[in-house]
Amino acid sequence: MRELVYYAAVTLDGYIAGPNGEFDAFLVEGDHMDGINQRFADTLPTVAAEALGITQKRDVFDTVLMGGNTYRVGGLPSPYSHLRQIVFSRTKTAEAENLEVTAEDPVEVVRRLKQEDGADIWLCGGGALAASLADEIDRLVLKRQPLLFGSGIPLFGERAYRPERFDAVATTAYESGVVVTELERRLDR
């Protein structure tokens, strides 16, 4: 069965973007980029991968989920046109290649997607969407950046207090200070 994977860059103080969606402080150059781009090429915007000569095979992810704000921050009508893109928004519409905008309940959409054949499902962001899908997340891949933002959009938006355990399955530390940690949901919940 397909898994929902929350793959995101996050600051040391737990933010995936600044207060207005800023993400330009995240390190996009350094020794961590080769490993990340090799393993997670599907998460690069299509035009960036083409410019870098990186092949996107859709073998890790074939679907990406975004909240409306995350989609708008990219500024492209179809940022991941090599993937099936689903944007959750109650107010916005958009038309582009491989793009669907829906006001449907994200949990219902994810449960349906998990029953389909294919590669894993990438939860790109944002924090509010991640909070609504927290119970459906099977794995986390966090690119912890050596940065403090002080405020911004948290990795997970507001949700009820209910501790849930994830187990670390892989960690790679780079000289740039970026640490990539992969965690799996503990199944004895």
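Residues numbered from 1 in each chain as written. Predicted model: local features only at pLDDT ≥ 70, side-chain atom pairs only at ≥ 80, totals over all residues. Heavy atoms only, no water.

**Examining the overall build of the chain**
Phase 1 of the analysis: Secondary structure assignment for the chain yields five helices and ten strands.
Phase 2 of the analysis: Taking 189 residues into account, the globule formula puts the C-alpha radius of gyration at 16 Å, and the chain, at 16 Å, falls close to it.
Phase 3 of the analysis: Oriented by its inertia axes, the alpha-carbon framework of the chain measures out at about 45 × 40 × 35 Å.
Phase 4 of the analysis: Here the chain holds 189 residues, and 47% of them are scored as buried.
Phase 5 of the analysis: Of the contacts made within the chain by residues no fewer than 6 positions apart, 64% connect residues no fewer than 24 positions apart.
Phase 6 of the analysis: When the accessible surface of the chain is totalled, it reaches about 10200 Å², and 50% of it is carbon and sulfur.
Phase 7 of the analysis: Here the chain carries 20 positive and 30 negative side-chain charges, and the mean point of each set is 5 Å from the other. (Helix = DSSP H or I, 4+ residues; strand = E, 2+ residues; numbered from the N terminus. Rg over C-alpha atoms; globule rule 2.2 N^0.38 Å. Buried < 20%, exposed > 50% of the residue type's maximum accessible area, 1.4 Å probe, protein only. Contact = heavy atoms within 4.5 Å. Areas by Shrake-Rupley, 256 points an atom, 1.4 Å probe, with all protein chains shown as cover. Lys, Arg positive; Asp, Glu negative; His and termini not counted. Charge placed at Lys NZ, Arg CZ, Asp CG, Glu CD.)

**Comments concerning the pattern of salt bridges**
Phase 1 of the analysis: Considering all chains together, one arrives at 18 salt bridges under this definition.
Phase 2 of the analysis: Across the pair Glu-182 and Arg-39 runs a salt bridge, and its minimum N-O distance is 2.9 Å. On the criterion of sequence distance, the pair formed by Glu-182 in strand S10 (residues 179-185) and Arg-39 in helix H1 (residues 32-39) is long-range, its members being 143 residues apart.
Phase 3 of the analysis: Judged by relative accessible area, which is 45%, Arg-39 ranks as partly exposed.
Phase 4 of the analysis: Notably, a salt bridge pairs Glu-136 with Arg-111, separated by 2.9 Å at the nearest N-O pair. Separated by 25 residues along the polypeptide, Glu-136 in the loop between helix H5 (127-132) and strand S7 (139-145) and Arg-111 in helix H4 (residues 106-115) bring together distant segments of the chain.
Phase 5 of the analysis: A relative accessible area of 10% means that Glu-136 is categorised as buried.
Phase 6 of the analysis: With relative accessibility at 49%, the residue Arg-111 sits in the partly exposed group. (Salt bridge = Lys/Arg side-chain N within 4 Å of Asp/Glu carboxyl O.)

**Concerning the nonpolar core**
In summary, soluble globular proteins display a tendency toward joint burial of nonpolar side chains.
Phase 1 of the analysis: Core analysis: the biggest nonpolar cluster contains 23 residues, and Leu-4, Tyr-6, Leu-65, Leu-123 and Leu-133 have the highest contact counts within it.
Phase 2 of the analysis: Elements that contribute at least two residues to this core include exactly strand S1 (4-11), strand S4 (84-88), H4, strand S6 (120-125), H5 and S7.
Phase 3 of the analysis: The next biggest cluster of nonpolar side chains, apart from the first, holds 18 residues, and it includes Phe-61, Val-87, Trp-122 and Val-141. (Core = buried A, V, L, I, M, F, W, Y, C linked by side-chain atoms within 4.5 Å.)

**Details of the environment of Arg-144**
Phase 1 of the analysis: Along the chain, the position of Arg-144 falls in strand S7.
Phase 2 of the analysis: In this structure the C-alpha to C-alpha distance between Arg-144 and Gly-177, which are 33 residues apart in sequence, comes to 8.3 Å.
Phase 3 of the analysis: Those residues in contact with Arg-144, other than ones at most four positions away along the chain, are Val-10, Gly-177, Val-178, Val-179 and Thr-181.

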